[in-house]
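# Structural characterization, general
Listed below are the residues making up each chain.
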Amino acid sequence: MSQNQAVRQATPRHYLMCRPTYFDVTYAINAWMDPAKPVDTDLAIEQWEGLRRLYLEHGHTVDLIEPVAGLPDMVFSANGATVVDDRVLVARFRHRERVPEAASYQEWFAARGYRGVHSAEYVNEAEGDYMVLGDRVLAGTGFRTDPRAHAELQRTLGRPVVTLTLVDPRFYHLDTALAVLSDTEIMYYPGAFSAESLTTLRELYPDAILVDEDDAETFGLNAVSDGRAVFLPHTATVLADRLRDRGFEPVGVDLSELLKAGGSVKCCTLEIRHQPRA
Ligand code: ARG
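Quick look at the structure, then. Counting of residues starts from 1 at the beginning of each chain's written sequence and follows it residue by residue. At least 70 in pLDDT is required for a residue's local features to be given in this predicted model, at least 80 for side-chain atom pairs to be given and counted, and no such filter applies to totals for whole chains, interfaces and linings, which use all residues. No hydrogens and no water enter the side-chain calculation; it runs on all heavy atoms of the structure.

### Digging into the pairing of strand β15 (residues 270-273)
What counts here: Exposure classes here rest on a 1.4 Å probe applied to the protein chains alone. A residue is buried below 20% of its type maximum, exposed above 50%, and partly exposed in between. Helix numbering and strand numbering both begin at the N terminus, where a helix is a DSSP run of H or I of at least 4 residues and a strand a DSSP run of E of at least 2. In this scheme, strands are said to pair when DSSP sees at least two bridges between them.
Where burial is concerned, the two faces of β15 agree: the one with Leu270 and Ile272 and the one with Glu271 and Arg273 are both buried. Summarising the sheet, strand β3 (residues 81-84) and β15 pair through two bridges and their orientation is parallel. By the bridge assignment, Val83 is partnered in β15 with Ile272.

Below is the structure:
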């Protein structure tokens, strides 16, 4: 069966999100952030509610973590922890502005009976740089996550980790340059990776969707797939057509306010894979 004829099956997902109650751009820790540009927090909340509603309408579970005043980037819950089975590796943030967020995630998971909640020794920004698919984890480095954190992740999760190096400051987290579509399929923007990492990606995923610079710049790769629906910024139109050709259902989302902090759909979504064993 060719890929365009594949019947796509969605599986119900469990997400953790954080309402952007205190969202703002008051510092600049990536190329997209400009504290001089005004931010409309109410609009950010409305747009974020739209994403949450879409997940619920698609049959997914959304848990919420309490936002903390003074932590304007906490809406980007993907950066909080990496969760596989009962194991949780809590993030250690690179920039001091975000360091305190980790404690909230540590508490959230510990309070819910996850037994293997590990605090990290090395800087890692969790699902911002870590993509779990099939039995492996693709792990980004170059701007945020310390390469030494990759071995720590492999030890903690017990899964093989493939290191990928990011080279373009616009694509500072792996989830701005690459997205997982299913256990075996990905899409990525080649320009964001080192030559060596590109060779790795081509070998591992010869059928990947290669995304052009325009769709990557509009954060089209900051996408979440449930196996059939792919939630992505509504501005990534070429990419949406290509996803449709492959049998996916692209679902466009407008998170323009959050983009001012360099984040979109995936950044707002931490996936909890499996529940704790009671
Ligand atoms: N302003 C945040 C930062 O620079 C944005 C984080 C976006 N999150 C992500 N998963 N890419 O840390």
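### Details of the site of the ligand
We apply this condition: Any residue with a heavy atom lying within 4 Å of a molecule or strand is counted as near it. What qualifies as a polar contact is a pair of N or O atoms within 3.5 Å, subject to a donor-acceptor requirement within protein and to the restriction that residues adjacent in sequence count only when both atoms come from side chains. Exposure was quantified through the Shrake-Rupley algorithm and a 1.4 Å probe, taking into account, for residues, occlusion by the shown protein chains and nothing else. For each structure, a 1 Å grid was placed over the protein atoms alone; sets of points admitting a 1.4 Å probe that cannot get out are labelled cavities, open sets with protein on both sides within 12 Å along at least five of seven lines are labelled pockets, and lining residues have an atom within 4 Å of a point. Here the criterion for a molecule occupying a pocket or cavity is that more than half of its atoms lie within 2 Å of the pocket grid points.
Around the ligand, the surrounding shell holds 15 residues, and the nearest of these are Arg98, Arg144, His173, Asp175 and Cys267. The separation between an oxygen atom of the ligand and a polar side-chain atom of Asn30 is 2.9 Å. Burial of the ligand by the protein chains amounts to 100% of its free accessible area of 350 Å². Here the ligand is seated within the largest cavity.

### With respect to the layout of surface pockets
Here is the rule: Grid points are joined across faces, edges and corners, and a volume is the space filled by probe spheres set on the points. Classes in brief: Ala, Val, Leu, Ile, Met, Phe, Trp, Tyr, Cys and Pro nonpolar; Asp, Glu, Lys and Arg charged; the others, Gly included, polar.
When its volume is computed, the largest pocket comes out at roughly 700 Å³. Only β6 (130-133), β9 (178-180), β12 (224-225) and β15 provide two or more residues apiece to the lining of the largest pocket. Each residue belonging to the lining of the largest pocket can be placed in one class, and the counts come to 14 nonpolar, eight polar and ten charged.

### Observations concerning unusual backbone geometry
If you check the backbone angles, Ala126 has positive phi at about 50° while not being a glycine. The topology assignment puts Ala126 in the loop between β5 (116-119) and β6. On the accessibility criterion, Ala126 (0% relative accessible area) is buried.

### A word on helix α1 (residues 41-57)
The test is simple: In a helix, the anticipated span is given by 1.5 Å times the number of residues less one. Two residues form a contact once any of their heavy atoms are found within 4.5 Å.
Between its first and last C-alpha atoms α1 spans 24 Å; for 17 residues at 1.5 Å apiece the expected length is 24 Å, and the two agree. Within α1, burial applies to Ala44, Gln47, Trp48, Glu49, Leu51, Leu54 and Tyr55. Where α1 is buried, its residues touch β1 (14-17), β2 (61-64), β12, β13 (229-233), β14 (249-253) and α7 (256-259). If you check the start of α1, you find a side-chain oxygen 3.2 Å away from the backbone N of Asp42, and it comes from Asp40. Looking one or two residues past α1, Gly59 carries a phi angle of roughly 85°, positive in sign.

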